[in-house]
Structure formats: C-alpha cells, structure tokens
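Below, each chain spelled out in residue letters.
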Amino acid sequence: MMLYITTFGMYWSWVEYDVSGTINIGEIIVKNDLLFEGSGKLVSYLAIFSVITWFCVTKIGYKRVQDTPKILRSVLSVISLILIVVAAYEFVYNFTVWGSLITVNTINNSLNVDEINISYPNPETPWNLVFATKMTLAALIISCHAFFVINRSGKKSSMYIEKK
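None of the values given here were measured: they were computed from a predicted structure.

## Section: the nonpolar core
Here is step 1 of the chain: Core analysis: the biggest nonpolar cluster contains 14 residues, and I29, V43, L129 and F131 have the highest contact counts within it.
Here is step 2 of the chain: At the level of secondary structure, the elements contributing two or more residues to this core comprise α2 (27–31), α3 (42–60), α5 (70–107) and α6 (129–152).

This is how it looks when you write it as structure tokens:
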C-alpha cells in the first residue's frame, strides 16, 4: 500500500511538474482519495501504513536488536533520541503554522484546508501542510517507538524469554 501511494504521488507530481514547471510536495496525495470520494485521503493512509509497517518490522526484527552489542544499541538510542527531537519540533511547527493559516483563511472566507502550503525551507518547492504535518507525526511515533524498542532490548522481559 505504501509503495502504491508513493508511486502514485511521484508519478502525478512528475506529470504536474512536466506541465506547470512547479512541484508542491505532497499535494497530489492530499487531494486524492483512496478508492472513491470520501474514502479517506491517500496521505492519511500513507501515514497509518508507515507506522504499521514500522511496528511489523520491529516485531519481526526484535531478536536482532536484542542481540546487538550494547555500544551499538547506545549509538542507535542516541540517534533515535535526536530523531524524536527533530520530528517533535517539525510536527509542532507544521501544526502551528497549519492552524494559523486555517484561521487566516477562515477570516478571509477562503477556507480549503487541503490546499494550504508553506514555501519553507525552499520557496521554489512548497510543502503541503497536511502532508507535512501527518508525515512528521508518523515520524515522531516511529522514532519514539524505536527509542523504546532499543532501550527495552537491553532488559530481559518475561514476555520475550524463550521457554525451553
């Protein structure tokens, strides 16, 4: 499902770029629904399936994390902590800007939540704020879970002890 959504978004973004010469990161998958009108935006499914895929991968590979040397687990723990801070900052920033622009657009009687963009960090390639907010939330959840899994792997849990 993630591959389908990503391929769909990249293809139609390329077509839009080819026609207009501009690209808006994430707008294609924010404007389109999965199967039919009202079935949910592709960006929502991408965020959900990103988190679900991460949980499945960590469940399958938990034994490998448990068997890694302590120094490597410590390095991975620090990296995941850095990712938590960055993802939390980006999520709060995107959510705050998105909420502010929704308020401004409501006051100006031109509310369309799906078409709110921000031309940060590069003015030539604006980001759709729905896409940015949902994907940074998914990144925050994934990095928090990674930190939890890495730190839990050093402790023996009765839930994961193999019975002989």
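## Considerations on the environment of L140
Here is step 1 of the chain: When you line up the elements, L140 lands in helix α6.
Here is step 2 of the chain: Note: C-alpha distance between L140 and V75 (65 residues apart in sequence) is 18 Å.
Here is step 3 of the chain: Leaving out residues up to four positions away in the same chain, L140 has contacts with I84, A87 and A88.

## Here we look at the side chain of S50
Here is step 1 of the chain: Mapped onto the elements of the fold, S50 is located in helix α3.
Here is step 2 of the chain: Setting aside residues up to four positions removed in sequence, S50 forms contacts with M2, M135 and I142.

## Section: helix α1 (residues 2–20)
Here is step 1 of the chain: Counted at 1.5 Å a residue, the expected span for α1 with its 19 residues is 27 Å, and the 26 Å between its end C-alpha atoms agrees.
Here is step 2 of the chain: For α1, every residue scored as buried is listed here: I5, G9 and S13. The arc that holds every buried residue of α1, seen down its axis, measures 55°, which confines them to one face. Set apart from the buried face of α1 by more than 90 degrees, the exposed residues are L3, M10, W14, D18 and V19.
Here is step 3 of the chain: Of the surrounding secondary structure, the elements contacted by the buried residues of α1 are α2 and α3.
Here is step 4 of the chain: Just downstream of α1 lies G21, where phi reads positive at about 85°.

## Some thoughts on the packing of α5 against α6
Between two packed helices, the angle of one axis relative to the other and the distance separating the axes together describe the packing.
Here is step 1 of the chain: One can describe the packing of α5 onto α6 by two numbers: an axis separation of 8 Å at closest approach and a directional angle of 155°. It follows from the interaxial angle that α5 and α6 lie roughly antiparallel. Of the two elements, α5 crosses α6, and the hand of that crossing is left-handed.
Here is step 2 of the chain: For the contact of α5 with α6, the class distribution of residues is 21 nonpolar, 7 polar and 2 charged.

## A few points about α3
Here is step 1 of the chain: The end-to-end C-alpha distance of α3 is 26 Å, a good match for the 27 Å that 19 residues give at a rise of 1.5 Å each.
Here is step 2 of the chain: Those residues of α3 lying buried are L42, V43, L46, A47, S50, V51 and T58.

Calculation criteria
- Residues numbered from 1 in each chain as written.
- Predicted model: local features only at pLDDT ≥ 70, side-chain atom pairs only at ≥ 80, totals over all residues.
- Heavy atoms only, no water.
- Core = buried A, V, L, I, M, F, W, Y, C linked by side-chain atoms within 4.5 Å.
- Buried < 20%, exposed > 50% of the residue type's maximum accessible area, 1.4 Å probe, protein only.
- Helix = DSSP H or I, 4+ residues; strand = E, 2+ residues; numbered from the N terminus.
- Contact = heavy atoms within 4.5 Å.
- Expected span 1.5 Å × (residues − 1).
- Arc of directions from axis to C-beta.
- Axes fitted to C-alpha atoms, helices over the stretch in contact; angles between N-to-C directions.
- Parallel < 35°, antiparallel > 145°, perpendicular 65-115°, else oblique.
- Left-handed = near helix turned anticlockwise from the far one by under 90°.
- Nonpolar A, V, L, I, M, F, W, Y, C, P; charged D, E, K, R; others polar.

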